[in-house]
Amino acid sequence: MDNLGDAIRQKREAKNLTIEELSAATKISVAVLKDIEEGKLDRYKGDEAYVKMYLKKISGVLDFEQTELEELTSQYMALTRELEIEDLKDKEMKEQHNKDAVSRSKNLKFEKPHLARHDSVYEDKQHVKIIRGGIILALVVAIIAVVWFGVYFTSKQSNDPTFESTTNTSTEGDIDTNDNDDTESEVTDNEDDDKTDETTSTDVTIVRNDVLDYSFSLPEGTTTFTFTIEYYDACWASMSVNGESYDSFVSKIYHDESEYTDETEAETVILEFNVDEFESLNLRNGNNGTQKYFINNQEIELTDEDTYDPNPCNFILTLESDTSNESTE
C-alpha cells in the first residue's frame, strides 16, 4: 500500500500542491489525506466505499489517468482482501480454540463421592413416628372443638330474644341530607376539573448527551415512531439498531453527485420502529455536515459542534424507557 500513497504524494508534489491545498480542493480533511499518503488505510476498515470515493476525488484534482485510477483502486482493494483474509484466519483460530476447550471439558470425569453410612441415622425409629402421629391428632381435635364452640355460641345468641345487634341504630327526627348533597356535588365538580386538565402531548422530548449523541422520550401510550434522515450532500452511511446491523437501512452513498445535481434537493430516508423492540441506533456517516434528522416529523436541533465533521462519525440515538423516566421524577 506504500506504492499507492507514494503515487499520490508524487503527483501532488509534481503539481506544487501542499496537502492543505489538496484538502481544500477535494474537501477531504488533512488527516485523512495524510493517512492515505502514509498507507494507513487499514484504519478505515468497513468504509471501503467511502475510501474509493476519496481516491476518485484525489485523482480528479491531480489529473490521474483512468488506468492510473484503476490501478490505485485495485491496490486498495487488494489490501482490503488481505485484511479480510487475516480476520478470517483469526476467527478460525478462535473457533478451533473453543472446540478444543469444549472437547477437553467433555473428557472430564467426576467420581461419585463415597459417603459414610451410620446405622443410627437410617434405622427405623418407630416410637418417633407414634409421637408425631399423636401430636397431629391432638391438633386436629383441638381445631374441631374450637370451630364447634364458635358455631354453638353464635347460634345460641341469635335465638336469645334479649340479644340486640350492635349494628342496628335508630335515629329520631328528620335527617339533614344537604351535607351529603354538597359533598357529592363537590366530588362531581372535581372529577369534571380533572377531566378538563387532562391533555395528551404529542411532542417528542429530545436531550443532547454529547457530540452527535441524543436521547429522546415519547408520549405515554406511543407504540411506534418514525426516524427520518435527509441527505443534502454525498455521504456514505450504514446503520445498526440495538447493536446489530439493520438490514432495512441500505448501506450506500446517499445523495450521489451522479443522481443529485441540486444541493437544495434532499435524498430522504424514512424508517419506522416499534417502541417495544427499539433501544438505540448507531448511524455511521462518512461525514457530517448537511444532514438533518427528525423523530415523528419533529426536527432534532443540532448544535454548531454537531453540524460539520469531514471525517467518518457516528450519530447515536437512544430511547429513554418509561422506567428511567419514573425514577427521574
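(A) Focus on the sheet that holds strand 10 (residues 298–299). Across the sheet, which stays open at both edges, the four strands sit in the order 7-3-9-10 with antiparallel pairing between neighbours. Where the open sheet ends on each side, the last strands, each with one partner, are strand 7 (267–274) and strand 10. Where strand 3 (residues 224–231) and strand 9 (residues 292–295) come together, four bridges link them in antiparallel fashion. In the strand pairing of strand 9, I229 is matched with Y293.

(B) Molecular detail of the layout of surface pockets. If you add up the space inside the largest pocket, you get close to 540 Å³. In terms of lining, the largest pocket is formed by 24 residues, of which the most central are K27, K57, D233, A234 and E257. Sorting the residues of the lining of the largest pocket by element identifies helix 2 (19–26) and helix 4 (48–61) as the ones contributing at least two each. Per-element accounting of the lining of the largest pocket gives the leading share, three residues, to helix 4. Considering only residue class, the lining of the largest pocket consists of ten nonpolar, eight polar and six charged. Approximately 310 Å³ is the volume found for the second largest pocket. It is helix 4 that contributes the most residues to the lining of the second largest pocket, five residues altogether.

(C) Focus on a nonpolar patch on the surface. A cluster of nonpolar side chains, contributed by W148, F149, Y152 and F153, occupies part of the molecular surface with about 500 Å² of accessible area. Checked against the element boundaries, Y152 lands in helix 7 (residues 126–159).

(D) Molecular detail of the pattern of salt bridges. Counting across every chain of the model gives eight salt bridges. The partner of E305 in a salt bridge is R208, with the nearest N and O atoms 3.3 Å apart. Taken together, the residues span a long stretch of sequence, with E305 in the loop between strand 10 and strand 11 (313–319) and R208 in strand 1 (residues 205–210) at a distance of 97 residues. With its nearest N and O atoms 3.3 Å apart, the salt bridge here joins E267 to K252. Taken together, the residues span a long stretch of sequence, with E267 in strand 7 and K252 in strand 6 (residues 252–254) at a distance of 15 residues. Note on E267: relative accessible area 9%, which makes it buried. Among the residues examined, K252 registers a relative accessible area of 34% and is labelled partly exposed. Bridged by salt links that share partners, the residues R208, E305 and D306 form one connected network.

(E) The arrangement of the pairing of strand 11 in detail. Residue alternation in strand 11 divides its side chains into a buried set, C313, F315, L317 and L319, and an unburied set, N314, I316 and T318. When strand 2 (residues 213–217) meets strand 11, the two strands line up parallel, connected through four bridges. Opposite D213, over in strand 11, you have I316 as the bridge partner. Looking at chain direction, strand 8 (residues 280–285) and strand 11 are connected through six bridges and run antiparallel. Residue pairing across strands places S280 opposite T318, the latter belonging to strand 11.

(F) Main features of the nonpolar core. One finds F227, F249 and L283 to be the most contacted residues of the largest nonpolar core, which totals 30 residues. Apart from residues no more than four positions distant in its own chain, F249 is found in contact with I229, Y231, A237, S238, M239, Y254, V269, L271 and L283. Counting 22 residues, the second-largest nonpolar core is a separate cluster that includes I36, L41, Y54 and L72.

Conventions used here
- Residues numbered from 1 in each chain as written.
- Predicted model: local features only at pLDDT ≥ 70, side-chain atom pairs only at ≥ 80, totals over all residues.
- Heavy atoms only, no water.
- Pairing = 2+ DSSP bridges.
- Helix = DSSP H or I, 4+ residues; strand = E, 2+ residues; numbered from the N terminus.
- 1 Å grid on protein atoms, 1.4 Å probe; cavity = no way out; pocket = protein on both sides within 12 Å on 5 of 7 lines; lining within 4 Å.
- Points joined across faces, edges and corners; volume = space filled by probe spheres on them.
- Nonpolar A, V, L, I, M, F, W, Y, C, P; charged D, E, K, R; others polar.
- Patch = residues over 30% accessible without salt bridge, like charges linked within 9 Å, V, L, I, M, F, W, Y side chains within 5 Å.
- Areas by Shrake-Rupley, 256 points an atom, 1.4 Å probe, with all protein chains shown as cover.
- Salt bridge = Lys/Arg side-chain N within 4 Å of Asp/Glu carboxyl O.
- Buried < 20%, exposed > 50% of the residue type's maximum accessible area, 1.4 Å probe, protein only.
- Core = buried A, V, L, I, M, F, W, Y, C linked by side-chain atoms within 4.5 Å.
- Contact = heavy atoms within 4.5 Å.

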